Every structure is written in structure tokens, then in C-alpha cells.
Amino acid sequence: MAGHQTSFSQQLAARLAPYIGDFNAQMWIKSVARRELGLAPEDLTVKHLTPLIDGLRPFLQTLMGRSTAENLLQQIGREVH
Amino acid sequence: MRFRSLAAFPLLYAVIFLAITWSLQGGEMLAPFTFWQRILVRVLAAAGCFAAVSCFERGDHLRNAWLWLGAGTIVILIRDLLRLFPGFAPQGGDPQAQIVVTALGILSNLALLGGIWMLARSWKMAAITLPGGRSGFGVVAVATAVIALTVVGPGAYTHLQEIARGDWSALVLVVSAVVDIITLCLITPLLLTAISLRGSLFAWPWGLVTASQLAWLLYDIAASLRPGLLPAGLPLPEVFRGLAENYLFAAGMAQYFVIAQVRRAAGAPVLRPASGEVEA
């Protein structure tokens, strides 16, 4: 079970890394997981996808603009679901 | 490959510029060649900035940043072109024309500072974790501030003394120097944001903007050297000005290509800058 949970956060980080870098992807998932959900990254599951994406939104919107960030988050949401 | 080519372009341009100036041997063609290549790099920089503007929507933070940078570049381009007219030339005798040139110089500097300021504070807006933490940021910030003050400070002080003696034409030089000091200090967040984004698509525009600012630092160093220190006929400040403007062009184009690539990856329509239309 733990392996599956770890793979979810890793899967999400892997999808984000080409856009924001591996360092930022790992840091963001860790930060949003702790701040918004009170969880460690390894405890994340697919049911946490929506709050994770909500937490990532301001970051991506600053870097790539609102509509591009929205499209990317929807795409990532579809891929890791 | 496209991004590497963009990164290599300013260096290639500098080599060609040096080769041509060397071949001119300080002759009478050197001044017009230097002037018109300056216009060329300003036009390229403006084109890069507006390409970047075109890939964002109204209200997006980076759209505003690139808009300020593009506006500042256009204003300084207009000032340079005005210099072609006798009244606006550096030795021109028309006081009103000189006021216009001074005002354009100040406006341009402030617009460029606004753009760099907005880019530099993006990490805070996006809550990006910068590498090295607070202490790393502090060390790089202090080092950059010391370099900026060492390079630009003495010139700024000299120009302040000129104003104190009633020479208000030095005002633009003081504003320019103060803007240079602040802008050079902003290299720290730009550089650390680029490092933080390393390995990703977005590292390219941030890295290239940082390279542009570093080239301005080299320009300031070259411009502050005593004339006798440089070989005759070698316009070193122009080399670094060209590098700075071309890196800004490359950064703007990289920004455009990165957003286009993300939009494609996300299955969204890709904006075409010329028409504003979208393609699937």
C-alpha cells in the first residue's frame, strides 16, 4: 500500500518536473501536502488530487499564465487519475 | 535544440560584431556601423519582449512584466533614433530637444526597472523555494549589491556632483545609475529562480533573462573603464550592450516557445503571435 501511495506523489512530481523542474516539483508536492492536507508526501493518494492541484494553481499561474496553467492542471489531473 | 540555438545566438552575434569592428580598424565607418547595430539589437529585444507578451492573457503577471520590458526597449529605441537629428544629438544645442532625450532616457530606465522588478518578484508570488534557503539568498544578494555599488557607485556619485553644480543634463545619468544598481541587485532572485527551475522548460527564459542582466553588469564595468585601458577601435561596451539586448530577445522568444510547448502538451490551442488567432 505504501509503495502505491509513494508512487502517486512520484507520478505527480514526474508529470510536473518537465515544466517546473524536479526540485520544485518535489518541494511543492511536499509543501502543499503538509500545508493543505497535513500529510507527508508518501501518504498522498489519488483522492488528494483536487487539493493538490488547487495548491499548485497559484504557482503555475504565475509562471505560465492562468489559462495555460488551467489546461495543464486538467491534463495532469486526467493523466494521474 | 531551439532553446540552445537561442542561447548561442547572442554569443555568435558578439563574435560577428567584434570581427566586423576589427576589420573596420577604427575607420569612419565604425561609428555608423556601431549605431545601426545598436538599433538592430534594440529592435530584436523589443520583438522578443512582445513575443513573450503575446503568449499571455491580460492580467497575467508575466504579461505585465514583459510589457514593461518591451515598452522600455521601445522608448530607448525612439531616443536612439531621435539622436540622428541634429537638435537631439549628444552635442545638440536645442535645450528642449535635450529635455525630450533626457525624459525618454529616464522613462525607459524606469520601465525596464519595472519589468525586471516584476520578473524578479515572481518567485515570491509563486512561492518558489529558492535553492540555498534564506542564507544562500542573503550571500548572493550581498555579493551582487557589492559588485553593483563598486561598478556603478563611483559614476553615480560623480554625476550627483555635476547636478549639485547645476548641470541638470546629468540627471538622466544619475537615474540610470540608480536604476542600474537596483536592477543589478535583482540579478539575485532572477538567478536563483533560474537555478530553482533547472532541468525544466521554464529554466530557459529565466536563465536567459539572468544572462541579459549579467551582460548589463559587464556593460557597466566596460563603460566605467578609462578610455586608455581599451584598445583603440574596440567598442567593448557596445559588445556587452549587444549581448544584453540579444539575451533579452532570446529570453522573450524562449518564453514564447515554452508557453507554446506547454499549451501543446496540455492539449490547448496554441497562440499565434502575429494574428492573435489560435491554432489547434
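Not measured: the values here are computed from a predicted model.

Cut-offs applied
Residues numbered from 1 in each chain as written. Chains lettered and ligands numbered in written order. Predicted model: local features only at pLDDT ≥ 70, side-chain atom pairs only at ≥ 80, totals over all residues. Helix = DSSP H or I, 4+ residues; strand = E, 2+ residues; numbered from the N terminus. Rg over C-alpha atoms; globule rule 2.2 N^0.38 Å. Buried ≥ 20, exposed ≤ 12 C-beta atoms within 10 Å, placed from the backbone. Contact = placed C-beta atoms within 7 Å. Nonpolar A, V, L, I, M, F, W, Y, C, P; charged D, E, K, R; others polar. Expected span 1.5 Å × (residues − 1). pLDDT = per-residue confidence, 0-100. Core = buried A, V, L, I, M, F, W, Y, C linked by C-beta atoms within 7 Å. Bend = angle between axes of the 7 residues up to and from the residue.

1. Some details on the overall build of chain A
- The secondary structure content of chain A amounts to four helices and zero strands.
- Starting at the N terminus, the α and β elements of chain A follow one another as α-α-α-α.
- Against the globule reference of 12 Å for 81 residues, chain A gives a C-alpha radius of gyration of 12 Å, in line with a compact fold.
- Taking the principal axes of the C-alpha coordinates as reference, chain A spans close to 35 × 25 × 20 Å.
- Here chain A, with 81 residues, has 37% of them falling under the buried criterion.

2. Side note on the overall build of chain B
- Scanning chain B from N- to C-terminus turns up ten helices and two strands.
- Starting at the N terminus and ending at the C terminus, chain B contains elements arranged as α-α-α-α-α-α-α-α-α-α-β-β.
- At 20 Å, chain B has a C-alpha radius of gyration in line with the 19 Å of a compact globule built from 280 residues.
- Dimensions of chain B, computed from the C-alpha atoms along their principal axes, are close to 60 × 45 × 35 Å.
- Each of the 280 residues in chain B was classed as buried or not, and the buried ones make up 41%.
- Across chain B, every contact between residues at least 6 apart in sequence was considered, and the portion connecting residues at least 24 apart equals 74%.

3. Concerning the interface of chain A and chain B
- With 21 residues of chain A at the interface, the matching set in chain B holds 26 residues.
- When residues of the side of chain A that touches chain B are traced back to their parent elements, those giving at least two are α1 (2-20), α2 (22-37), α3 (49-64) and α4 (66-80) of chain A.
- A total of six residues in the side of chain A that touches chain B trace back to one element, the largest contributor, which is α4(A).
- Taken together, the residues of the side of chain A that touches chain B sort by class into eleven nonpolar, eight polar and two charged.

4. Describing helix α7 (residues 171-185) of chain B
Residues and elements named next belong to chain B.
- Spanning 15 residues, α7 covers 21 Å between terminal C-alpha atoms, matching the ideal 21 Å at 1.5 Å per step.
- Within the span of α7, buried status applies to V172, V175, A177, V179, D180, T183 and L184.
- Along its buried surface, α7 packs onto α4 (95-120), α6 (133-164), α8 (187-196) and α9 (203-224).

5. A short note on the environment of B:I181
Residue and element names in this part refer to chain B.
- Summarising the element assignment, I181 is placed in helix α7.
- Here I181 falls in the partly exposed class, since 19 other C-beta atoms lie within 10 Å of it.
- In sequence terms I181 and L217 are 36 residues apart; their C-alpha atoms lie 9.3 Å from each other.
- Once residues lying within four places of it in the same chain are set aside, the contact partners of I181 are A148, L149 and V152.

6. Section: the confidence of the model for chain A
Residue and element names in this part refer to chain A.
- For chain A, per-residue confidence averages 84 on the pLDDT scale, and residues scoring 70 or more make up 91% of the total.
- Mean pLDDT values for the elements of chain A range from 76 in α1 up to 89 in α3.
- Within the model, the stretch residues 1-5 combines pLDDT values under 50 with five contacts to residues more than four positions away or in other chains.

7. What to know about unusual backbone geometry
- A positive phi angle, near 55 degrees, is found at B:A127, a position not held by glycine.
- Here B:A127 falls in the partly exposed class, since 15 other C-beta atoms lie within 10 Å of it.

8. Remarks on the nonpolar core
Residues and elements named next belong to chain B.
- Grouped together as the largest cluster of nonpolar side chains are 96 residues, with contacts concentrated most on L190, F202, L208 and Y247.
- No other element matches helix α10 (residues 236-265), which puts 15 residues into this core.
- Contact partners of Y247, with chain neighbours within four places excluded, come to P10, L208, A211, S212 and A215.

9. Here we look at α6(B)
Residues and elements named next belong to chain B.
- Maximum bend of α6: about 45 degrees, positioned at V152, with proline P154 one to four residues after it.
- Within α6, burial applies to T144, A148, V151, V152 and H159.
- Directly after α6, the chain includes G166, whose backbone phi takes a positive value near 100 degrees.

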